[in-house]
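# A structural walkthrough
As a plain string of letters, each chain reads:
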Amino acid sequence: MEALRFIIHYGMHFLVPGLIAYIFFKKEWKKVWLIFTLTMFVDLDHLVATPLFDPNRCSINYHPLHSYYAIAVYTILLIPSKTRIIAIGLLFHMLTDFTDCFWLK
């Protein structure tokens with residue numbers, strides 16, 4: 001079961017964003033996929049957690065950049081077209097981490 005959780009979690013972090021980029025941003029899908037992948041830097045907030053890594057911890061509303069306040073900001077970033085792709089990447093990252101929380105229950 002842990003292996004399936006790992007595959008789904010990291011597939012949603014890397015493969016599904018590639019698919020989303022390819023389907024919705026055909027002309028620039030590689031650039032969009034790169035931007036989606038770069039939004040993984042939001043996980044740098046895990047460095048301030050104690051312990052640093054806990055596979056049984058839900059990231060949502062635990063880490064500062066995974067808080068409900070941060071998610072609200074990411075949602076607002078959908079409005080300007082210049083930040084929309086970044087916002088989609090960040091929100092999909094939050095969705096991925098949120099679905100991972102269900103595996104813990």
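Here the structure is a predicted model, which means the values were calculated and not measured. (Residues numbered from 1 in each chain as written. Predicted model: local features only at pLDDT ≥ 70, side-chain atom pairs only at ≥ 80, totals over all residues. Heavy atoms only, no water.)

## Regarding the state of the cysteines
A disulfide bridge is the covalent bond that connects two cysteines by way of their sulfur atoms. All told, the structure shown has one disulfide when counted by the stated rule. Two residues, Cys58 and Cys101, share a disulfide whose sulfurs are 1.9 Å apart. Around the S-S axis, the bridge from Cys58 to Cys101 shows a dihedral of about 80° and counts as right-handed. Of this pair, Cys58 sits in the loop between helix H2 (29–38) and helix H3 (68–76) while Cys101 sits in helix H4 (residues 84–103), and the two are 43 residues apart along the sequence. (Disulfide = S-S within 2.5 Å. Helix = DSSP H or I, 4+ residues; strand = E, 2+ residues; numbered from the N terminus.)

## Things to note about the environment of Val16
Position of Val16 among the secondary structure elements: in helix H1 (residues 2–24). Residue classification places Val16 among the partly exposed positions, given a relative accessible area of 29%. Along the backbone, Val16 and Met94 are 78 residues apart, and their C-alpha atoms lie at a distance of 13 Å. Ignoring sequence-local partners within four residues, the contact set of Val16 consists of Gly11 and Phe92. (Buried < 20%, exposed > 50% of the residue type's maximum accessible area, 1.4 Å probe, protein only. Contact = heavy atoms within 4.5 Å.)

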